[in-house]
Amino acid sequence: MKGFFCGQVPPRGSGPLRGPALCGWFSVKMFQITEALLKERDKQAKWNGIPLLLQKLYEHSHPNSDFSQCQSILKEISPLLSMEAMAFVTEDRKAAQESTFPNTYTFDLFGGVDLLVEILMRPTLMTQKKKQKISDDLIKDCLSILYNTCICTEGVTRRLAERNDFVLFLFTLMTNKKTFLQTATLIEDILGVKKEMIQLDDIPNLASLVSSFDQQQLANFCRILAVTISELDTGSDDKHTLLAKNAQQKKNLGPSRAEVNQATLLNIPGFIERLCKLATRKVSETTGTSSFLQELEEWYTWLDNALVLDALMRVANEEAEQSSTESSDESGLANTSTRTQLPQSMKIMHEIMYKLEVLYVLCVLLMGRQRNQVHKMIAEFKLIPGLNNLFDKLIWRKHSASALVLHGHNQNCDCSPDITLKIQFLRLLQSFSDHHENKYLLLNSQELNELSAISHKANIPEVDAVVNTDRSLVCDGKRGLLTRLLQVMKKEPAESSFRFWQARAVESFLRGTTSYADQMFLLKRGLLEHILYCIVDSECKSRDVLQSYFDLLGELMKFNIDAFKRFNKYINTDEKFQIFLNQINSSLVDSNMLVRCITLSLDRFENQSDAKVAEVLSECRLLTYMSQMSMRMSFLFRLINIIHVQTLTQENVSCLNTSLVILMLARRKEKLPFYLRTLQQMEYTEKYPGFILNNFHSLLRFWQQHYLNKDKDSTCLENSSCISFTYWKETVSILLSPDRTSPCAIVSYIDEAYMDIDRDFSEE
C-alpha cells in the first residue's frame, strides 16, 4: 500500500498552479467554439476528443438533469486517463517525472477537474426538495478520474487541497462502503499536500462515521489519520535545531493541530479498543475470502495500489502452481481450489498491511500529550499480550519462498511490508516502554517472579512498578515479548536494518531510574556479550546502529559492578580493548551516553568500600582507563568542541549534558577550578585561547533557557544521572557567574582579550 514502498507514486510538485477552470468557463467559452472547429482543432492538438466529451458532460449535468448520461460519458473519458496513470505508477520514478501525460493535462485544462467536483458536491448545494441522487457508480467514476488526474498533472492535488469544503465533503462519502476505498485514497493524497492540517473536529459526525466502519475500513482510515495526528515535518535540517524548536514553541502557545486531533480521536467511544483488536487479531480471524477479493477488484481500478495488487496476484499464482505440481498425481482439482480459496500468504500480507497502519497510529498516540491515558487503555485492552501471541507466526515469521517482494526489490529491502511491519512493531515497543511503569507488561508472570528473586538475592527493595503490575494484563506463554525480542536480536545478521530498532526498543525498557534487577534480567540472557560482539568482533560500521548499541550498553552497565566484570571478561585482550576505544572515539556524538555511564559508575564505585567493587575497579580495563584524569579531560574537551548553540539538536544535546556531568562530579570533589584551568591550558596548547570556554559559556546559557522552561521535564536528567536537578541548576549558575574572581566561574579563565560571552544566539 502506498506509503510503505519505494517506487511509490512521487509527491506532486509545487510548481506554479494553473488557475482553476471554473465550470462557468464552459458556458462562456466552450459554446463560443463550434463543434466543427473543436473537432478540427482536436485532430491537430491530439486531444483525443476530451474537450468534446467534457462539453457533453457539462450539458448533461445541469442542476435539473438526472445524470443518466454522465456515466456513459465518463466511461469514455476514464480509459484515456487511466492509461496514463498506469504508466505513471509502473514507470520508475525519474522516468515518470520526466514523462508528459497529455490526456490528463487536457482534461484539467478544459475544466474537467472542477466539473467533476461540482457534480459530486451538487446534492449538498441543492434544497431538500430538489436534492439529486447520484449513483454509487457515478461517484466511483468521478473519484477515480480525479485521482488519476492528481497523479499525472502537477498542481491538481494542491488545488483540491485548498478547497476545504470539498475535503470535508469527501469524508461524508466514506459512509458508503461501495465508494469507501476510492474516497479514502483520494483524501489521503489530498491531505498529504495540504499546507494546513485539517481539524478532525470539523468532519461532520466523526464519531458516528468511525463507528460505522468495519475493521477493514477502520484500518484503511488509519492511513488518513496518520496524516492528521503527526506533526508536520518541515523537511529542513536547520529547522530541527533546538533553537528553532524553542522559538517555534514560543510562537505556538496552545496545543498544535496534531495534538488537538489526537485528543479528538481519544474521545471517540471504543476507538482505541477497536485498534487494539485490529492490531492483535490473528489471520484466521479476518473476514472471508470473498470480501477481500472484492476489495482486490476495487484496487485493480484504483491505480495507486496497482503495484500491490500485481505483487499479491503473483503470490497467488506461485502458490497455485506449487499446489498443482505437488498434487498433480493425486487430483486434477488443485487449480480449481486455488481459484476459489484465497492463498494463506495473501491473507497474511493483507493482514500485515492493515496492522502497519494501526500500529503507526497507536505509536503516535503513545508519544502524545495524552500518553498516560493511551497507556491505560492499551494495557486494559491487552495489546501487548496480543502482539506477543502474534510474534512468531506473523510479526517475526520466517520468509516463505513466495513472500511478497515488489519489482526491483528483495526480501531484505526496507520497503517490503514484512520489513516495515517489524520496524513499526519495534517503534511501538520503544514508545510503550520508554519511562513508563507499564513496561513490565512485556514480561510474563514467571519473568516478573524472576525480577523479584533478583532483588531478594541482592538484598535490595523490589521496584514498586513490578509489585504493582496487574498480572492479568501481562504476556502469557513460555516467554514474554521482551525475551522474544532478545532471542531474535541475537540471531540478527550483521547487515540487518533491524539492529538499530531492536537496540532502541530494549534500551527504552532500561530507561528511567536505574534498576539493578532489570539489568541483571538482561545480563543473564547474554545481552552484554551480544552487544560487545557487534561493536568489537563484527566491527560494526553503521553510525546509527553503533549509537543505539552504545546507548543500550550505557543503560545496561550503569552503576552495575557485575556488568563491568562481565565486560572485562569479554574484552580480555589489549587488542580487543583498543578496537572498543576506537569505536567510542570515532564519534563522540554517538558514544557520549556510554562515556557518561562509565564516568558516573566510576564515581559511585570509588566511593564504595566493598571488596568485590575494589577488585573490579583494579582489574577492569574500562574503569582504569576512565580513572585517568588525562582521559576525562580529553573527553570533556572534545565534547564541548563538537557542539555549538546554533547546531544543537535533540540528537547531540546529550554531549552538553555529558560534559556537565563530568564537571558536576568534579565540583563534588572540589576539583572544578582544576578542570577549568586545565581546559584553559588545553586551549593555549591548541593556540586558540578562549575558543572552548567561550563556546561552553554560550552552551550553558542556552542550557538555562532550554531546561529551565516550565514545560520541560527535568526528571529524565535526574533519573539518568542520579543527580538532583537542583544540583544541575546550581552547577550551571556557578559556572556562568560573572564574577571574575570566582575560581568556579568560566569567565575567570578567559583573558579579556579573547572574551566573547555576550553573543546573542536567540532565533526569532
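Cut-off values and rules
Throughout this description, residue numbers start from 1 for each chain and increase along the sequence as written. For a predicted model such as this one, the threshold for reporting local features is a pLDDT of at least 70, and the threshold for listing and counting side-chain atom pairs is 80 or more; totals across whole chains, interfaces and linings nevertheless cover every residue. As a convention, hydrogens and water are excluded, and side-chain values are obtained from all of the structure's heavy atoms. Any residue with an atom within 4 Å of a point lines the site, the site being either a cavity, points on a 1 Å grid over the protein atoms alone where a 1.4 Å probe fits but cannot get out, or a pocket, an open set with protein on both sides within 12 Å along at least 5 of 7 lines. Grid points are joined across faces, edges and corners, and a volume is the space filled by probe spheres set on the points. Only DSSP runs of H or I with at least four residues qualify as helices, and only runs of E with at least two residues qualify as strands; both kinds are numbered from the N terminus onward. For the purposes of this section, nonpolar cores are sets of buried Ala, Val, Leu, Ile, Met, Phe, Trp, Tyr and Cys residues that join through side-chain atoms within 4.5 Å. Between buried and exposed lies partly exposed: a residue is buried under 20% and exposed over 50% of the maximum accessible area for its type, with that area taken using a 1.4 Å probe on protein chains only. The contact criterion used is simple: two residues touch if any of their non-hydrogen atoms lie within 4.5 Å. Known as pLDDT, the predictor's per-residue confidence is scaled from 0 to 100. One side-chain nitrogen of Lys or Arg within 4 Å of one carboxyl oxygen of Asp or Glu is enough to make a salt bridge. To estimate how far a helix should extend, the number of its residues minus one is multiplied by 1.5 Å. One fitted axis covers the seven residues ending at a residue, a second covers the seven starting there, and the bend at that residue is the angle between these axes. Inter-axis angles, ranging from 0 to 180 degrees, are taken between N-to-C directions of lines fitted to C-alpha atoms, where helices are fitted over the stretch in contact. Between 65 and 115 degrees an angle is taken as roughly perpendicular, under 35 as roughly parallel, over 145 as roughly antiparallel, and anywhere else as oblique. Note: crossing handedness is left-handed where the near helix turns anticlockwise from the far helix by less than a right angle, and right-handed where it turns clockwise. Residue polarity is assigned by list, with Asp, Glu, Lys and Arg as charged and Ala, Val, Leu, Ile, Met, Phe, Trp, Tyr, Cys and Pro as nonpolar; anything else, Gly included, falls into the polar class.

To continue, consider the layout of surface pockets. Within this model, the second largest pocket holds a volume of roughly 680 Å³. Looking at the second largest pocket, it is lined by 30 residues, and the ones nearest its centre are T513, T514, S515, Y516 and A517. Broken down by secondary-structure element, the contributors of at least two residues to the lining of the second largest pocket are α28 (516–523), α31 (561–570), α33 (588–606) and α34 (611–619). It is α28 that contributes the most residues to the lining of the second largest pocket, 4 residues altogether.

Next up on the list: the nonpolar core. Core analysis: the biggest nonpolar cluster contains 232 residues, and F166, F171, M174, F271, F425, L522 and F580 have the highest contact counts within it. In terms of residue count, helix α20 (residues 344–366) provides more of this core than any other element does, 14 residues in total. Ignoring any residue separated from it by four or fewer positions in sequence, one finds F271 in contact with V210, L218, L225, L265 and L365.

Another point: the confidence of the model for the protein. The predicted coordinates ought not to be read in detail in places where the model reports low pLDDT. Looking at the protein as a whole, the pLDDT averages 83, with 79% of positions reaching at least 70. Here helix α19 (residues 334–340) is the element of the protein with the lowest mean pLDDT, 41, and α28 is the one with the highest, 98. Confidence drops under a pLDDT of 50 for residues 1–29, and excluding neighbours within four residues, the segment shows 81 contacts in the predicted structure. Confidence over residues 296–314 falls short of pLDDT 50; this stretch has 51 contacts with residues more than four positions distant or in other chains.

Attention now moves to the pattern of salt bridges. Per the counting criterion, the structure on display carries 27 salt bridges. With its nearest N and O atoms 3.2 Å apart, the salt bridge here joins E450 to K524. Taken as a pair, E450 in helix α24 (residues 445–457) and K524 in the loop between α28 and α29 (527–537) lie far apart in primary sequence, 74 residues in all. The class of E450 is buried, set by a relative accessible area of 19%.

In an α-helix, one turn spans 3.6 residues; hence positions three or four apart end up facing the same way. Helix length check: helix α13 (residues 215–229), at 15 residues, gives a terminal C-alpha distance of 20 Å against a target of 21 Å (1.5 Å per residue), a fit within 8%. At R223, α13 is deflected by roughly 35 degrees, the largest bend along its length. Counting buried positions over the 15 residues of α13 gives 13, a clear majority of the element.

Moving on, we come to the packing of α33 against helix α37 (residues 653–668). The contact between α33 and α37 brings their axes to 9 Å, and the two run at 20 degrees. It follows that α33 is roughly parallel to α37 by the angle criterion. α37 is crossed by α33, and the crossing has left-handed handedness. Within the contact between the two elements, α33 uses L588, V589, N592, M593, V595, R596, T599, L600 and D603 and α37 uses S654, C655, N657, T658, V661, I662, L665 and R668. Per-class residue counts for the contact of α33 with α37 are 9 nonpolar, 5 polar and 3 charged.

Attention now goes to the environment of K729. Tracing the chain through its elements places K729 in helix α41 (residues 725–735). Put simply, K729 and Y707 are 22 residues apart on the chain and 9.1 Å apart in space, counted from C-alpha to C-alpha.

Moving on, we come to the packing of α29 against helix α32 (residues 574–586). Running from amino to carboxyl end, α29 crosses α32 at an angle of 85 degrees, the nearest separation of the two axes being 9 Å. When the axis of α29 is compared with that of α32, the two are roughly perpendicular. Counting all contacts with α29, which are made through L532, I535, V536 and D537, the residues of α32 involved are K576, I579, F580 and Q583. Grouping the constituent residues of the contact of α29 with α32 by class yields 5 nonpolar, 1 polar and 2 charged.

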